[in-house]
Amino acid sequence: MSSVVIVGTQWGDEGKGKIVDLLTRYADYVVRFQGGNNAGHTLVVEGKQFIFHIIPSGILYEDKKCMIGNGVIIDPAVLLGEIKELQEKGLPVTPERLMISERAHLIMPYHSTLDQASEAALAQGKKIGTTGRGIGPCYVDKVGRRGIKVGDLADMGVFRDKLQTNLDEANFLLTQKYNVKPLDFDLIYDQFQSYAEQLNPFSGNVSLELDNARKRNDNILFEGAQGTQLDIDHGTYPFVTSSNTIAGNACNGSGVGPTHIDAVIGILKAYTTRVGEGPFPTELFDKTGEELQKKGGEFGATTGRKRRCGWLDGVVAADAVRLNSITGMAITKLDVLSGQSKIKIAREYQFDGKKYQAMPSNIQLAGSVQPVYEEVDGWQEEIGDVRSFEDLPAKARDYIKRIEDITEVEASIISVGPDREETLLLKNPFEN
Ligand code: GDP
Ligand code: IMO
Ligand code: MG
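Reading the values: rules and limits
Residues numbered from 1 in each chain as written. Chains lettered and ligands numbered in written order. Predicted model: local features only at pLDDT ≥ 70, side-chain atom pairs only at ≥ 80, totals over all residues. Heavy atoms only, no water. Domains from an automatic or database assignment. Contact = heavy atoms within 4.5 Å. Buried area = accessible area lost by both parts, 1.4 Å probe. Salt bridge = Lys/Arg side-chain N within 4 Å of Asp/Glu carboxyl O. Polar contact = N/O pair within 3.5 Å; in protein donor to acceptor, adjacent residues only side chain to side chain. Helix = DSSP H or I, 4+ residues; strand = E, 2+ residues; numbered from the N terminus. Nonpolar A, V, L, I, M, F, W, Y, C, P; charged D, E, K, R; others polar. Buried < 20%, exposed > 50% of the residue type's maximum accessible area, 1.4 Å probe, protein only. Lys, Arg positive; Asp, Glu negative; His and termini not counted. Phe/Tyr/Trp six-rings, centres within 6.5 Å; stacked < 30°, edge-to-face > 60°. Donors = N, O, S within 2.8 Å, 3.2 Å for Na, K, Ca; no water. Near = heavy atom within 4 Å. Areas by Shrake-Rupley, 256 points an atom, 1.4 Å probe, with all protein chains shown as cover. Pairing = 2+ DSSP bridges.

**Student:** Can you explain the domain arrangement of the protein chain? Please cite residues and give values.
**Tutor:** With domains assigned, the protein chain is organised as domain 1 (3-102 + 205-425) and domain 2 (105-202). Here the C-alpha centroids of domain 1 and domain 2 sit 28 Å apart. In this complex, domain 1 contributes 35 residues to the contact, which on the side of domain 2 involves 25 residues. By the criterion of area lost to domain 2, the three top residues of domain 1 are Ile73, Pro76 and Leu80, representing 24% of everything that side buries. Counting across the interface, domain 1 meets domain 2 through 0 salt bridges. Connecting domain 1 to domain 2 are 9 residue pairs in polar contact (both at pLDDT 80 or more). Only β6 (73-74), α2 (76-88) and β7 (98-101) provide two or more residues apiece to the side of domain 1 that touches domain 2. If one sorts the elements of the side of domain 1 that touches domain 2 by residue count, α2 sits on top with 5 residues. When its residues are assigned to classes, the side of domain 1 that touches domain 2 shows 16 nonpolar, 15 polar and 4 charged.

**Student:** Please provide a residue-by-residue account of the side chain of Arg274, values included.
**Tutor:** Here Arg274 is to be found in strand β12 (residues 272-274). For Arg274, which is buried and forms no salt bridge, the nearest opposite charge comes from Glu283, at a distance of 7.9 Å. Polar side-chain contacts of Arg274 include one of 3.3 Å to the side chain of Thr236. At 2.6 Å, the side chain of Arg274 and the backbone oxygen of Pro279 are in polar contact. Other than its neighbours up to four places away in sequence, Arg274 contacts Trp11, Leu230, Thr236, Phe239, Pro279, Phe280, Arg307 and Arg308.

**Student:** Describe the packing of aromatic side chains, and please don't skip the residues or the numbers.
**Tutor:** With the rule as written, the count across this model stands at 8 aromatic pairs. Centre to centre, the rings of Phe159 and Tyr189 are 6.1 Å apart; their planes meet at 45°, and the pair counts as tilted. Here Phe159 is found in helix α5 (residues 156-177), whereas its partner Tyr189 is found in helix α6 (residues 185-199), with 30 residues between them in sequence. Given a relative accessible area of 0%, Phe159 falls into the buried group. By relative accessible area, which is 9% here, Tyr189 ends up buried. Relative to Phe192, the ring of Phe159 has its centre 5.5 Å away and its plane inclined at 20°; by these criteria the two rings are stacked. On the criterion of sequence distance, the pair formed by Phe159 in helix α5 and Phe192 in helix α6 is long-range, its members being 33 residues apart. Taken as a pair, Phe159 and Phe192 share a single burial class, namely buried. Through successive ring pairs, a cluster of aromatic residues spans Phe159, Phe185, Tyr189, Phe192 and Tyr195.

**Student:** I'd love a proper account of the coordination of the magnesium ion (ligand 3), names of residues and values included.
**Tutor:** Coordination of the magnesium ion (ligand 3) by the protein is provided by Asp13 (OD) and Gly40 (O), with metal-donor distances spanning 2.0 to 2.2 Å. Taken as a pair, Asp13 in the loop between β1 (3-8) and α1 (16-24) and Gly40 in the loop between β2 (29-32) and β3 (41-45) lie far apart in primary sequence, 27 residues in all. The burial state of Asp13 is the same as that of Gly40; both residues are buried.

**Student:** How would you explain the site of ligand 1 if you had to name every residue and give the values?
**Tutor:** If you check the shell around ligand 1, you find 18 residues, and the closest are Lys16, Gly17, Thr42, Asp335 and Ser415. Taking Asp13, its side chain carries an N or O atom lying 2.9 Å from an oxygen atom of ligand 1. Protein chains shield 92% of the accessible area of ligand 1, which is 590 Å² for the free molecule. Listing elements by their share of the shell around ligand 1, those giving two or more residues are α1 and β3. With 3 residues, α1 is the largest single contributor of residues to the shell around ligand 1. The class makeup of the residues in the shell around ligand 1 is 4 nonpolar, 7 polar and 7 charged.

**Student:** Give me the lowdown on the pairing of strand β4 (residues 48-52), citing residues and values where you can.
**Tutor:** The pairing of β3 with β4 spans 5 bridges and is antiparallel. Residue pairing for β4: Val45 is matched across the bridge by Lys48. The turn linking β3 back onto β4 is made up of 2 residues, and Glu46 within it adopts a positive phi angle of 50°.

As structure tokens, then:
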């Protein structure tokens, strides 16, 4: 039995969904542990694309169990929409296949309204560029000890009281601070009564379920959302999301103790992208940046925004290895680099005569540092059809070896295309 955590090493969208889907083959359970429907995880199976925002990416395998842990925040409309969509595709999602932690918090309609209103009120340069899905305000209520949990849907009396208190406060902010129309209590209450009927059968104790799974020697795969540089504590604050995205939170966000984690796979895109605002030292504003954006199809899976693109950042990768205790790398989108004559990797940053080997916590400094690059040769061949390491062009192999040297972590998986099959599984993390 093994427990493997998948995390993003950069600013999200590294290809976590694809790798989770691939590794689900070897798992019995797939568990989301943080974030909400700000995530957009894309899988392609036999040419068919699926995008999941809240349901774990393991759901396409009918014999696997999917868990949404206590650390996740849930917009019921989005979750029920995904369940319905899967049902229509002939993949029924039953409580036997999906459990939602009763401790997970609910994203309420006023959370997304507040998220959008507060972003709109921020001056240029101060905007975070959130997904507008209510993530920040929902986690604020959770930490403020007034949030509404999935478990509260089992007692509509409790739900009613909490909604009244929370909505009063949200409406005060909306009308007095943001000059936005207040939301209607009855409308929300009625909507959630219907959500409660549909969601209650799915709610349960995820921690207990996973403990029993572990005792049965089942394999458990934890699916991170966002990426290390978006972590609320360790990322480019305040240009981050509102949860801990790093591997340690797989434990907190699902109710599993730290000694039960066996491996951590860091998903590393072969170059770098970022959606939303904030520092991005290796960002390219030239033709190469445009080429990566186009060839990589770099549009946000949640908001459709164009992703900012740049070279691979070895400083960001080193931060990720340290913060997540990564045991193996999955290098994704290597195929997108085909055709580049030279490829650059940032080895450190410099500013004002000083050198930096980690992302500075001072946000002005993080936005000012310049990358110090090393340059390697690129390769011209398209590699989407390659299925073994030896068949990759020599320069592509060199690039991977260089990444291994820099990060001091071996590459376990190489991804050469979006499809499940377009993958080189060099070392299966479930076979230790
Ligand atoms: P996630 O949020 O980390 O799951 O990543 P996204 O799904 O938001 O973005 C990754 C995008 O790249 C998706 O459109 C994937 O289908 C696609 N993708 C994943 N791996 C590869 C790869 O190796 N090559 C190419 N060309 N596309 C990939
Ligand atoms: P996946 O799981 C990329 C970014 C937003 C914004 C910041 C805060 O698909 O990798 P939020 O709505 O969370 O308050 O926005 O975080 N962001 C992501 N960027 N991939 C994601 O998820 C993201 N989730 C949030 O663009 O900059
Ligand atoms: Mg994504």
